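Summary of structural features
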Amino acid sequence: MSMIAAFYGGKSILITGATGFLGKVLMEKLFRTSPDLKVIYILVRPKAGQTLQQRVFQILNSKLFEKVKEVCPNVHEKIRAIYADLSQNDFAISKEDMQELLSCTNIIFHCAATVRFDDTLRHAVQLNVTATRQLLLMASQMPKLEAFIHISTAYSNCNLKHIDEVIYPCPVEPKKIIDSLEWLDDAIIEEIAPKLIRDWPNIYTYTKALGEMVVQQESRNLNIAIIRPSIVGATWQEPFPGWVDNINGPNGLIIAAGKGFLRALKAAPKAVADLIPVDTVVNLMLAVGWYTAVHRPKSTLVYHSTSGNLNPCNWHKMGVQVLATFEKIPLERAFRRPYANFTSNNFTSQYWNAVSHQAPAIIYDCYLRLTGRKPRMTKVMNQILRTASMLEYFLNRSWEWSTYNTEMLMSELSPEDQRVFNFDVRQLNWLEYIENYVLGVKKYLLKEDMAGIPEAKQHLKRLRNIHYLFNTALFLIVWRLLIARSQMARNVWFFIVSFCYKFLSYFRASSTLKV
Ligand SMILES: CCCCCCCCCCCCCCCCCCCCCC(=O)SCCNC(=O)CCNC(=O)[C@H](O)C(C)(C)COP(=O)(O)OP(=O)(O)OC[C@H]1O[C@@H](n2cnc3c(N)ncnc32)[C@H](O)[C@@H]1OP(=O)(O)O
Ligand SMILES: NC(=O)C1=CN([C@@H]2O[C@H](COP(=O)(O)OP(=O)(O)OC[C@H]3O[C@@H](n4cnc5c(N)ncnc54)[C@H](OP(=O)(O)O)[C@@H]3O)[C@@H](O)[C@H]2O)C=CC1
């Protein structure tokens, strides 16, 4: 019997960010391994014209939850969606709901955040810092609370090279920032933002660091743990391999590469690609929840959920495997044949951007214009290049994350728990994982049919022929222009032509002699 699964039985669990990538996998695993849990409260806001109930219905009826419905048929009754907007005071939760949360919650998993790199400082602080503080305040009024698990990111201290499982202080106190945002206007905030974030690469990582500091400062006598995942990728094993549902992080780039839009990246080929499967992160979260509640460590423990120091993979290896998978399982209607060129050199990267990205987009838009259609490729390409440039910082560096606490926890688990809540990334086979990942992007994110693979392969063959044709035509045009302008080019040209002619004549004569 799994001790961790048994621990969550009969518990009331509060999850923020349950509608997000990590949150959904967390809920799925909880229902599947502890179907006798009492209730999962999720804080949800209406979105994209959908009510809370519609959003929950959509999640529970997705492929991700198919196994859950077999194990826990009354899952609909065990999930309680509470209207909440984390960017508002008291999260805009009604009095009755608040009362229920305060009196019943046993465990909190705080996953909600804004993960956009380009968010405004005001909004990112509201979500990643103030909301965390507010939730801690709520937690301190929960008599039955056993553990508060805060999800941060391994990159919250990415201004350092070696990162230990400790909370590092930020140069400016979170409280001072929260207070000043109350009276400063938006224009001034955006002006001071770059000065505040100093050597952090973006507002997201900076506000996640502030969030950790708030956890440390407002922990009171709560049982708290912080988990820092690196780049969270598709599921490795559970509930099935390759599940993914948003275009964040690697996902968008994999699509852009598979569709042939993105053929070069400014990335250090040897830098560590610190991906971590989402189910591995969730298993660690559940194990940490159990350990924090049962063993009540004296201080707030930080756990790194990273792969680099235990089972490293680099961008080159990853790129090669992504391309190899696209050979077998191509995406539909690709713009160009997939190709991956990683370079950390500025000049080479700009060259590839011009030749491999911008020029084809401009040519294609000219073609669209000439055929009476609306040009759109340059816009798409600029969007992709903007995203790629935002990720560049993470693609050109390697970090060392120590994992003492994570390894300590692993050794505390029973063999059964090590199997059911496996977060040992050393067992991950990268080649297999990446293949399933790419397949998952095609199936679950792009919703492409596997029956379309032969047609997609045929399309790639046509693209290859167009590519050869285009290159030959381009070569001939350039050469013709060169010949018209330079005596030297003419001489070379005549030398090659006469050489070929002599070779052919000799070949013809010798074959006539044999007959
Ligand atoms: C050579 C080829 C290579 C081939 C080989 C490839 C090998 C593999 C290589 C792998 C390399 C991995 C590198 C990862 C490094 C990550 C490091 C993370 C470190 C920290 C990790 C963390 O701790 S934490 C999570 C990280 N945080 C994000 O990763 C958010 C980032 N990102 C944004 O910060 C915004 O994205 C940014 C960018 C501002 C643009 O912002 P933006 O406004 O320009 O664009 P948007 O993203 O809003 O969306 C654009 C359009 O996509 C539409 N769309 C949105 N979602 C959609 C959905 N689910 N399905 C359908 N469509 C969707 C949307 O509706 C827009 O469509 P439309 O334009 O028509 O409206
Ligand atoms: N994905 C990754 O690569 C990594 C993620 N993390 C951390 O993991 C956590 C989860 O990330 P992930 O699942 O990928 O992110 P998602 O963007 O998929 O999910 C974010 C969640 O936060 C919720 N949320 C955002 N704003 C509000 C709001 N105002 N009120 C209520 N809910 C809100 C979203 O709700 P809604 O659906 O309504 O938008 C969504 O459920 C975050 O803390 C992130 O920092 C850490 C490292 C890497």
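Predicted model only: the values in this text are computed from it and were never measured. Per chain, the residues get numbers from 1 upward, laid out in the order the sequence is written. Labels follow written order: the first chain is A, the first ligand is 1, and so on. Only residues with pLDDT of at least 70 get local features here, since the model is predicted, and only at 80 or more are side-chain atom pairs given and counted; chain-wide, interface and lining totals rely on the full set of residues. Where side-chain values are given, they derive from all heavy atoms of the structure, hydrogens and water being excluded.

**So, the overall build of the protein**
Stated precisely, the cut-off is as follows: In this description a helix means any DSSP run of H or I spanning at least four residues, a strand means any run of E spanning at least two, and both kinds are numbered starting from the N terminus. Relative accessible area decides the class of each residue, using a 1.4 Å probe on protein chains only: under 20% of the type maximum gives buried, over 50% gives exposed, and in between gives partly exposed. Whether two residues are in contact is decided by their heavy atoms, any of which lying within 4.5 Å being enough. Computed by Shrake-Rupley with a 1.4 Å probe, the accessible areas treat only the displayed protein chains as cover when residues are assessed.
In terms of regular secondary structure, the protein is built from 20 helices and 13 strands. Expressed as lengths along the three principal axes of its C-alpha atoms, the size of the protein is roughly 100 × 55 × 45 Å. Across the 515 residues of the protein, 52% fall into the buried class. The long-range fraction of contacts in the protein, counting pairs at least 24 apart against all pairs at least 6 apart in sequence, stands at 83%. Within the structure as shown, the protein displays about 25,100 Å² of accessible surface, and the carbon and sulfur contribution to it stands at 58%.

**What about the site of ligand 1?**
Put simply, the test is: Any residue with a heavy atom lying within 4 Å of a molecule or strand is counted as near it. Whenever two N or O atoms come within 3.5 Å, that pair is a polar contact, provided that in protein one can donate a hydrogen and the other can accept it, and provided that, for residues adjacent in sequence, both atoms are side-chain atoms. Any residue outside Ala, Val, Leu, Ile, Met, Phe, Trp, Tyr, Cys, Pro, Asp, Glu, Lys and Arg is labelled polar, Gly included; the first ten of those are nonpolar and the last four are charged. Segment limits for the domains were obtained from an automatic or database-derived domain assignment.
Around ligand 1, the surrounding shell holds 32 residues, and the nearest of these are Arg116, Phe117, Thr153, Tyr204 and Gln383. At 3.1 Å, a backbone N or O of Val115 approaches a nitrogen atom of ligand 1. When ligand 1 sits alone it has 1,500 Å² of accessible area, and the protein chains cover 73% of it. Broken down by secondary-structure element, the contributors of at least two residues to the shell around ligand 1 are α11 (250-258), β9 (264-266), α13 (315-328) and α15 (377-395). The greatest single-element share of the shell around ligand 1, amounting to 7 residues, is contributed by α15. Each residue belonging to the shell around ligand 1 can be placed in one class, and the counts come to 20 nonpolar, 7 polar and 5 charged. Shared between two domains, the shell around ligand 1 takes at least three residues from each, and those domains are domain 1 (3-241 + 276-311) and domain 2 (242-275 + 312-448).

**Overview of the domain arrangement of the protein**
For clarity, the threshold we go by: Accessible-area loss on putting two parts together, using a 1.4 Å probe and summing over both, is the definition of buried area adopted here. By salt bridge we mean one thing: a side-chain nitrogen of Lys or Arg within 4 Å of a carboxyl oxygen of Asp or Glu.
When cut into domains, the protein gives domain 1 (3-241 + 276-311), domain 2 (242-275 + 312-448) and domain 3 (455-514). Relative to domain 3, the C-alpha centre of domain 2 lies at a distance of 37 Å. Of the residues lining the interface, 12 residues belong to domain 2; the matching set on domain 3 comes to 9 residues. Of the roughly 770 Å² buried between domain 2 and domain 3, counting both surfaces, carbon and sulfur atoms make up 71%. Interface area lost by domain 2 to domain 3 is led by Pro330, Ala334 and Arg337, which between them contribute 54%. At the junction of domain 2 and domain 3, the tally comes to 0 salt bridges. Where domain 2 touches domain 3, the interface holds 3 residue pairs in polar contact (both at pLDDT 80 or more). Taken together, the residues of the side of domain 2 that touches domain 3 break down into 6 nonpolar, no polar and 6 charged.

**Points about unusual backbone geometry**
Residue Pro239 is reached from Glu238 by a cis peptide bond, and omega for that bond is -10°. Mapped onto the secondary structure, Pro239 falls in the loop between β8 (231-233) and α11. The phi dihedral of Arg198 is positive, around 45°, even though this residue is not glycine. Residue position: Arg198 is located in the loop between α9 (186-197) and α10 (203-217). A relative accessible area of 55% places Arg198 in the exposed class. Positive phi values are uncommon outside glycine, yet Arg333 reaches one of about 45°. Inspection of the secondary structure puts Arg333 in the loop between α13 and β12 (341-343). With relative accessibility at 68%, the residue Arg333 sits in the exposed group.

**Focus on the site of ligand 2**
Neighbouring residues of ligand 2: 28 residues in total, closest Thr19, Arg45, Lys47, Arg55 and Tyr204. Contacts to ligand 2 include Gly20, whose backbone N or O atom sits 2.9 Å from an oxygen atom. Looking at the shell around ligand 2, the elements with two or more residues in it are α2 (21-33), α10 and β8.

**Remarks on the packing of helix α12 (residues 278-295) against helix α16 (residues 404-412)**
Applicable threshold: Angles shown run from 0 to 180 degrees and are taken between the N-to-C directions of axes, each axis being a line fitted to C-alpha atoms and, for helices, limited to the stretch in contact. The labels follow the angle: roughly parallel below 35 degrees, roughly antiparallel above 145, roughly perpendicular from 65 to 115, and oblique for the rest.
Close contact between α12 and α16 brings their axes to 11 Å; oriented N to C, the two are set at 75°. Judged by the inter-axis angle, α12 sits roughly perpendicular to α16. Taken together, the residues of α16 that come into contact with α12 (itself represented by Leu284, Ala287, Val288, Trp290, Tyr291 and His295) are Thr406, Met408, Leu409 and Glu412. Looking at the contact of α12 with α16 residue by residue, the classes come out as 7 nonpolar, 2 polar and 1 charged.

**Looking at the side chain of Glu332**
Within the fold, Glu332 resides in the loop between α13 and β12. In this structure, Glu332 is in contact with Lys259, Lys442, Glu448, Asp449, Gly452 and Ala456, ignoring residues within four places of it in sequence.

**Things to note about the sheet that holds strand β7 (residues 224-229)**
Note the cut-off: Pairing between two strands requires that DSSP report at least two bridges joining them.
Spatial ordering of the open sheet is given by β3-β2-β1-β4-β5-β7-β11, a layout of 7 strands whose pairing is parallel. A single partner strand is all that each edge strand has here, and the edge strands are β3 (79-83) and β11 (301-305). The mean inter-strand angle of the sheet, taken between neighbouring strand axes irrespective of direction, is 20°. Note that strand β1 (residues 12-16) and strand β4 (residues 107-110) share 4 bridges and pair parallel. Paired with Thr16 across the two strands is His110, which belongs to β4.

**Some words on the packing of aromatic side chains**
This is how it is decided: Whether two aromatic rings pair depends on their centres lying within 6.5 Å, for rings of Phe, Tyr and Trp, where Trp uses its six-membered ring; planes under 30 degrees apart make the pair stacked, over 60 edge-to-face, and the rest tilted. Either the NZ atom of lysine or the CZ atom of arginine qualifies as a charge over a ring when it sits within 6 Å of the ring centre and within 35 degrees of the ring normal.
Taken as a whole and judged by the stated rule, the model has 24 aromatic pairs. Each ring, one from Phe7 and one from Tyr8, has its centre 4.8 Å from the other, and the planes form 75°; the classification is edge-to-face. With 5.2 Å between their ring centres and 80° between their planes, Phe335 and Tyr364 make a pair best called edge-to-face. Pair noted here: Phe335 is in the loop between α13 and β12 and Tyr364 is in helix α14 (residues 346-370), with a separation of 29 residues, a long-range link. According to the relative accessible area criterion, Phe335 is buried, its value standing at 15%. Here the guanidinium or amino end of Lys11 rests over the ring plane of Phe7, the centre of that ring lying 4.3 Å away. Positioned over the ring face of Phe421 is Lys29, at 4.9 Å from the centre of the ring.

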